[in-house]
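What the coordinates show
What follows is each chain in one-letter form.
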Amino acid sequence: MSKKINRREALKTIGAAVAISATSFGVPTLLKAADTIKIGFMAPLTGFGALAAPYIQRPFELAVEQINAQGGAGGRKLEFVTEDTQSSTKGTIEKTRMLIGRNKVDVLMGLIYSMERKAALTVSIPNNKLLVYPTFYEGDECNRNLICTGQIPNQSIDKFVPWLMQNVGKTVYILGSDYLWPRTCTEHIEKAVKASGGKIVGVEYFPFGTYDFAPALLKVKDVNPDMVWTMVVGSDTSTVIKQYRSFNLKPQLVSNAVDEMWATFMPKEDLTGIISDQSYFMTRNSSANSVFVKAYQDKFGVENGLIPALAEAMYCGTWLYAKAVAKAGSTDNEKVVKAISQIQFDAPQGPVSIMACNNHMRTNSLIGKTREDGLFDILADQGMTDPNIPNCSL
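Before going into details, it helps to say that this report is about the structure given with it. What you see is a predicted model, and the numbers here were worked out from it, not measured in a lab.

**Digging into the pattern of salt bridges**
- On inspection of all chains with the given rule, the structure shows 14 salt bridges.
- Residue Glu141 is joined to Lys118 by a salt bridge in which the shortest nitrogen-to-oxygen separation is 3.6 Å. Taken as a pair, Glu141 in the loop between β4 (131–133) and β5 (146–148) and Lys118 in helix α5 (residues 114–124) lie far apart in primary sequence, 23 residues in all.
- The class of Glu141 is buried, set by a relative accessible area of 12%.
- Lys118 gets classed as partly exposed once you look at its relative accessible area, which sits at 36%.
- Between Arg144 and Glu334 there is a salt bridge, and its shortest N-O distance comes to 3.3 Å. Placement of the pair is Arg144 in the loop between β4 and β5 and Glu334 in helix α14 (residues 333–340), with a sequence separation of 190 residues.
- Judged by its relative accessible area of 28%, Arg144 is partly exposed.
- Among the charged side chains, a network of salt bridges with common partners joins Arg117, Lys118, Glu138 and Glu141.

See the structure below:
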């Protein structure tokens, strides 16, 4: 027998249907289904940064695919436009202008090098556009329109140095490329070593393109420290480590830059045995990481399956942004920034979140040692570390 439904019961039925249609982010698909979010993704696809670019492009695309498969960001589908910075300041500025002006993107993501970040910000900040940046860097940015998900010096050094002083030795010789990041890190290392009762016995910086590190390595041999801390980057990395091995030097090699990506362009025998601190290693034992690694390798192939901390940080940034949009119910920068510090993401490295005072991510401090297959045996899990940006209060 049919039953007549009154207005109150009808409203209850509609309300229940809307509740059932809510996405995994908790926002009704019914209300947002027609909307999309356009992301402007930038990476150095050509030029000197081309080898590193896939390590942010792949995890970004994986995150977008997963978010859309789970209903989007608050019911809104993510779309993206990819642009090549050409590994240059000029290219970054041009592409940032294009994405904001012509493509009308809601948010910018990607970039690897500090010069790219700084170039993009000269355009994005005046245009009130949010940038999500994944790379570990100097830790000196303080802007509401910038979200950073990579380690900064206090996160990769403050817990690492005491562990080294206890487990390796007390004397350190530093080798670094001659630019801002190694110099900033050296200041942190010096303070941490002194506080732990250790001593810096040498510091040397090298211009990009250095092919002969012998003079510095002879000094290392003469001083014979307990460890050599390398922050030589780019193609010079392979050169300095290869020469270090050829000198048959005994000090333990340590770094806050070495990760799985190095195994793609260096002989594994040269890498084996280096101790490094990163926010993420592929070998981290957790259910979230197992799911992440499998999804990554299923999508891109085992041959492209090495996942460094840079990749995981890009993955985190994409997910955190989507969750923040869902919570805010908007892509408005102010609303997203307010929301993003109120959420947490169960990331492969562990549960992560953004600090409201500086828009940087709390990251893990994992200490690992490279093995013959290019992966890392994790020696210590130091737990999450708050990012410290002096004098920053957003």
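Read on for the rest.
**Comments concerning the side chain of Asn289**
- If you trace the backbone, Asn289 turns up in helix α12 (residues 287–300).
- Residue contacts for Asn289: discarding those within four places in its chain leaves Tyr280, Phe281, Met282, Thr283, Arg284 and Pro348.

**Some thoughts on the state of the cysteines**
- Taken as a whole, this structure holds one disulfide when the rule is applied.
- There is a disulfide in this structure between Cys142 and Cys392, and the S-S distance comes to 2.1 Å. Because the sign of the S-S torsion sets the handedness, a value of about 85 degrees for the bond joining Cys142 and Cys392 places this disulfide among the right-handed ones. Of the two residues, Cys142 sits in the loop between β4 and β5 while Cys392 sits in the segment after β14 (376–385), which places them 250 residues apart along the sequence.
- Between Cys185, a free cysteine, and Cys148, which holds the nearest cysteine sulfur, the sulfur-to-sulfur gap is 14 Å.

**Some details on the packing of aromatic side chains**
- For the structure on display, the rule yields 15 aromatic pairs.
- Look at Phe60 and Phe80: their rings are 5.1 Å apart centre to centre, the planes differ by 75 degrees, and that puts the pair in the edge-to-face class. In this pair, Phe60 is assigned in helix α3 (residues 54–69) and Phe80 in strand β2 (residues 77–84), connecting sequence segments 20 residues apart.
- Phe60 gets classed as buried once you look at its relative accessible area, which sits at 0%.
- Classification of Phe80 as partly exposed rests on a relative accessible area of 33%.
- Positioned over the ring face of Tyr205 is Arg183, at 4.0 Å from the centre of the ring.

**Things to note about the side chain of Ser353**
- Take Ser353: it is sitting in the loop between β12 (350–352) and β13 (363–370).
- At 2.8 Å, the side chain of Ser353 forms a polar contact with the side chain of Arg362.
- Not counting residues within four places of it along the chain, the set of residues in contact with Ser353 comprises Ile343, His360, Met361 and Arg362.

**Let's talk about the sheet that holds strand β10 (residues 275–278)**
- One open sheet accounts for seven strands, arranged β7-β6-β8-β9-β10-β13-β14; its pairing is mixed. Edge positions in the open sheet fall to β7 (199–206) and β14, since each of these has one partner strand only. Put simply, the sheet's adjacent strands are angled 20 degrees from each other on average, direction ignored.
- As judged from the two bridges shared by strand β9 (residues 252–255) and β10, these two strands associate in the parallel manner. By the bridge assignment for β10, Val254 is matched with Ile275.
- The sheet strands contacting helix α9 (residues 214–223) are β6 (171–177), β7 and β8 (227–231), and the helix crosses β6 at an angle near 175 degrees.

Basis of the calculations
Residues numbered from 1 in each chain as written. Predicted model: local features only at pLDDT ≥ 70, side-chain atom pairs only at ≥ 80, totals over all residues. Heavy atoms only, no water. Salt bridge = Lys/Arg side-chain N within 4 Å of Asp/Glu carboxyl O. Helix = DSSP H or I, 4+ residues; strand = E, 2+ residues; numbered from the N terminus. Buried < 20%, exposed > 50% of the residue type's maximum accessible area, 1.4 Å probe, protein only. Contact = heavy atoms within 4.5 Å. Disulfide = S-S within 2.5 Å. Phe/Tyr/Trp six-rings, centres within 6.5 Å; stacked < 30°, edge-to-face > 60°. Lys NZ or Arg CZ within 6 Å of the ring centre and 35° of its normal. Polar contact = N/O pair within 3.5 Å; in protein donor to acceptor, adjacent residues only side chain to side chain. Pairing = 2+ DSSP bridges. Axes fitted to C-alpha atoms, helices over the stretch in contact; angles between N-to-C directions.

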